[in-house]
Amino acid sequence: MEDEVVLLDLWASPFAIRVKIALEEKGIKYECKQEDLFNKSHLLLEMNPIHKKIPVLIHNGKPISESLIIVQYIDQVWNHKSPLLPSDPYQRSQALFWADYIDKKIYGIGRRIWMGKEDQEEAKEELIQTFKTIERELGDKLYFGGESIGYVDVALVPFTSWFYTYETCANCGIEAACPKLIAWAKRCKENESVSKALTDPLEIYGYLLQLKKRLELQ
Amino acid sequence: MAEEVKLFKTWSTPFGLRVVWALKLKGIQYDAIDEDLSNKSALLLQYNPVYKKVPVLVHNGKPISESLVILEYIDETWKQNPILPEDPLEKARERFWAKFNDEKLLPSIWDAFTKEGKEREEAIATSLENLKFVEEELKGKIFFGGEKIGLADLVFGWLANLICVFEEVTGFKIIDERFPVLLAWMQEFLELPIIKDNLPPHDKLVIKYQALYEKYHPAK
């Protein structure tokens, strides 16, 4: 029986991009359904009734939510190629730790930057410190996953499309502060799975400006 | 080589307690180091430089931080009495609920405990919504893991020993008869020997949370 794989998506979401990169890495064919977060589909509300958020992966009718949980699911089910998580339990624990760190920090701090309120300066400092910490973890490796992209690379790389927004909104100086991270981002884009899935930084900037207006009106 | 397992925690942290339960479930010998968070040891700061928090598991000198990461590590390293199922969908479900507790349920109940006025009312409403989801998930099961406890049970486990402490301190019962399945689960869970024999002393918890409550709700 052929697998039926559907992704409930929002083109701008870095969380959905993680899933797309994982699916591409594994060579999985899937159907992508765009959602409107201000007008959610019945399917989304049925498949993720608790959080009502994207991404949701629907595999043969069964939903999986939360982007990193989805990526782990994909890695386990389609284990014939491109392993994203290391097999060694300790290496694996470190990968889980760093992806979780990225989840705890980047989106939230970044949001305080593009929303442009009184805490923007403070958020800018925090963002740079966070990227420096992540850069130290990368060290001299080609990727967080070692010789090829892995779980942590997949978790972080979608946010590189947002660097333009962070720079334009608050002049963060990411490139000057974290040159190795910038080099890593360029290297990631040499992988087709990443270049296919990443969003255009200018389009993201436009999207976030619109989103900010909408949120302020609410 | 002899195994060396150390667990840095505090006597009361629910995040450390879930790790204790996992280690006990698998029969793993370990050294517990109870930290004083107002005076963290040099070792803790060395082993968890990113967050400087407990719990930290140190296995043969290698540190692992963040309780959910630690639980997955324990399950992969020691295969007896697994806490995660093999089936990928079931595994994803356990992870989903563990995350739900840590990111939604626990913070909402904590806010209901610590906040005042309108914020408190909102936190109570959110907690009740979150509890309804959990009640629904448990229907037809003894434990979140089915017949035996799993990751989600260990993570929700703090409800079984701390909710009654919160209720005693605040005089407010949040898990009431509206949640019969959850109440039944809490009882079943507490009766398990590895849980029952590994709980922080109730009276000491009441004193601690009473003091914290007074700090958040200073008498006017």
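Chemist: Got a minute to help me understand the overall build of chain A in this structure?
Modeler: Check the secondary structure of chain A and you find eleven helices and four strands. Expected size for 218 residues packed as a compact globule is a radius of gyration near 17 Å; at 17 Å, chain A falls within 12% of this value. C-alpha extents for chain A along the principal axes are approximately 55 × 45 × 25 Å. Out of the 218 residues belonging to chain A, those deemed buried represent 51%. Considering only contacts within chain A whose residues lie at least 6 apart along the sequence, 70% involve residues at least 24 apart. Summed over all atoms, the accessible surface of chain A reaches about 10,300 Å², with 49% contributed by carbon and sulfur.

Chemist: In this structure, what is going on with the pairing of strand β2 (residues 31-34) of chain B? I would like to understand it.
Modeler: Taken residue by residue, a regular strand's side chains alternate between the two faces of the sheet. All names here are of chain B. Pairing of strand β1 (residues 5-9) with β2 involves four bridges; the strand directions are parallel. From the neighbouring strand, Lys6 faces β2, where its bridge partner is Asp31. The parallel pair β1 and β2 is bridged by helix α1 (residues 14-25), and the resulting crossover is right-handed.

Chemist: Would you mind going over the sheet that holds β2(B) with me for this structure?
Modeler: By way of backbone hydrogen bonds, the strands of a sheet pair with one another, either parallel or antiparallel. All names here are of chain B. A sheet is described by the order of its strands in space; here four strands give the open sequence β2-β1-β3-β4, paired in mixed fashion. Taken across any chain shown, the strands that pair with only one partner, and hence form the sheet edges, are β2 and β4 (62-65). Between one strand and the next, the sheet's axes are offset by a mean angle of 20°, whatever the strand orientation. Of the strand pairs in this sheet, strand β3 (residues 56-59) and β4 are connected by four bridges, and their pairing is antiparallel. Looking at the pairing, Leu57 lines up with Ile64 of β4. Where α1 meets the sheet, it contacts β1 and β3, and its direction lies at approximately 155° from that of β1.

Chemist: When you look at unusual backbone geometry in this model, what are you seeing that I'm missing?
Modeler: One can expect most non-glycine residues to show negative phi and most peptide bonds to be in trans. Residues and elements named next belong to chain A. A cis geometry characterises the amide bond from Ile54 onward to Pro55, with omega recorded as 0°. Mapped onto the fold, Pro55 is located in the loop between α2 (42-47) and β3 (56-59). With phi around 55°, Lys52 is a residue other than glycine that occupies positive phi space. Checked against the element boundaries, Lys52 lands in the loop between α2 and β3. A positive phi angle, close to 45°, is found at Ser82, a residue other than glycine. Structurally, Ser82 is set in the loop between α3 (67-77) and α4 (89-114). Of the residues examined, Ser82 reaches a relative accessible area of 23% and is grouped as partly exposed.

Chemist: Help me understand the state of the cysteines, please; the structure alone is not making it clear to me.
Modeler: Linking two cysteines covalently through their sulfur atoms gives a disulfide. Residue and element names in this part refer to chain A. A complete count under the given rule lists zero disulfides over all chains for this structure. The cysteine Cys172 is free of any disulfide, with Cys169 supplying the nearest cysteine sulfur at 8.4 Å. The class for Cys172 is buried, based on a relative accessible area of 8%.

Chemist: For this particular structure, what's the right way to read a positive patch on the surface?
Modeler: Together, A:Lys40, A:Lys52, A:Lys53 and B:Lys104 make up a positively charged patch on the protein surface. One can find B:Lys104 in helix α4 (residues 88-114). With relative accessibility at 34%, the residue B:Lys104 sits in the partly exposed group.

Chemist: Any chance you could explain the packing of α4(A) against helix α3 (residues 67-77) of chain B here in plain terms?
Modeler: Any two packed helices are characterised by the angle at which their axes cross and by the distance between the axes. For the pair α4(A) and α3(B), the least separation of the axes is 10 Å and the interaxial angle reads 160°. Comparing their axes, α3(B) and α4(A) come out roughly antiparallel. Regarding α4(A) and α3(B), the two cross each other, and that crossing is right-handed. Contacts from A:Pro89, A:Tyr90, A:Arg92, A:Ser93, A:Leu96 and A:Phe97 in α4(A) reach B:Val69, B:Glu72, B:Tyr73, B:Glu76 and B:Thr77 in α3(B). Split into classes, the residues belonging to the contact of α4(A) with α3(B) amount to six nonpolar, two polar and three charged.

Chemist: Looking at this structure, how should I read the environment of A:Phe159?
Modeler: Within the secondary structure, A:Phe159 is located in the loop between α6 (151-156) and α7 (163-170). Among all residues touching A:Phe159, those that are not within four sequence positions of it are A:Pro14, A:Phe15, A:Arg18, A:Ile102, A:Ile106, A:Tyr107 and A:Tyr166.

Chemist: Just to check I follow, could you spell out the interface of chain A and chain B for this structure?
Modeler: Interface size is commonly expressed as the accessible area that is lost once the parts come together. Counting residues at the interface gives 26 residues for chain A, matched by 24 residues for chain B. In this assembly, chain A packs against chain B so that about 2,300 Å² is buried in total across both faces, 69% of it on carbon and sulfur atoms. Considering only the side of chain A, the residues that lose the most area to chain B are A:Ile50, A:Tyr90 and A:Phe97, jointly responsible for 27% of the buried surface there. Between the two partners, chain A and chain B, sit three salt bridges. A:Glu66 serves as the salt-bridge partner of B:Lys99, at 2.5 Å between the closest nitrogen and oxygen.

Chemist: Honestly, the packing of α4(B) against helix α7 (residues 158-170) of chain B in this entry has me stumped. Any pointers?
Modeler: All names here are of chain B. Two numbers describe how α4 lies on α7: the axes approach to 11 Å, and their chain directions differ by 15°. On the basis of their axis angle, the class for α4 and α7 is roughly parallel. Handedness of the α4/α7 crossing: left-handed. Counting all contacts with α4, which are made through Asn101, Leu105, Leu106, Ile109, Trp110 and Phe113, the residues of α7 involved are Trp158, Leu159, Ile163, Phe166, Val169 and Thr170. Residues that form the contact of α4 with α7 fall into these classes: ten nonpolar, two polar and no charged.

Chemist: How should I be thinking about helix α11 (residues 201-217) of chain A in this particular structure?
Modeler: Helical geometry note: an α-helix holds 3.6 residues per turn, so side chains three or four residues apart project in the same direction. All names here are of chain A. The terminal C-alpha atoms of α11, which comprises 17 residues, lie 25 Å apart, in line with the 24 Å expected from a rise of 1.5 Å per residue. For α11, the complete set of buried residues consists of Ile204, Leu208 and Leu211. Across the axial projection of α11, the buried residues extend over an arc of 65°, all falling on one side. Among the exposed residues of α11, those oriented more than 90 degrees off its buried face are Leu202, Gln210, Lys213 and Leu217. In the core, the buried residues of α11 are packed alongside α4 and α7.

Rules of the game
- Residues numbered from 1 in each chain as written.
- Chains lettered and ligands numbered in written order.
- Predicted model: local features only at pLDDT ≥ 70, side-chain atom pairs only at ≥ 80, totals over all residues.
- Heavy atoms only, no water.
- Helix = DSSP H or I, 4+ residues; strand = E, 2+ residues; numbered from the N terminus.
- Rg over C-alpha atoms; globule rule 2.2 N^0.38 Å.
- Buried < 20%, exposed > 50% of the residue type's maximum accessible area, 1.4 Å probe, protein only.
- Contact = heavy atoms within 4.5 Å.
- Areas by Shrake-Rupley, 256 points an atom, 1.4 Å probe, with all protein chains shown as cover.
- Pairing = 2+ DSSP bridges.
- Right-handed = clockwise from strand over helix to strand, strands pointing away.
- Axes fitted to C-alpha atoms, helices over the stretch in contact; angles between N-to-C directions.
- Disulfide = S-S within 2.5 Å.
- Patch = residues over 30% accessible without salt bridge, like charges linked within 9 Å, V, L, I, M, F, W, Y side chains within 5 Å.
- Salt bridge = Lys/Arg side-chain N within 4 Å of Asp/Glu carboxyl O.
- Lys, Arg positive; Asp, Glu negative; His and termini not counted.
- Charge placed at Lys NZ, Arg CZ, Asp CG, Glu CD.
- Parallel < 35°, antiparallel > 145°, perpendicular 65-115°, else oblique.
- Left-handed = near helix turned anticlockwise from the far one by under 90°.
- Nonpolar A, V, L, I, M, F, W, Y, C, P; charged D, E, K, R; others polar.
- Buried area = accessible area lost by both parts, 1.4 Å probe.
- Expected span 1.5 Å × (residues − 1).
- Arc of directions from axis to C-beta.

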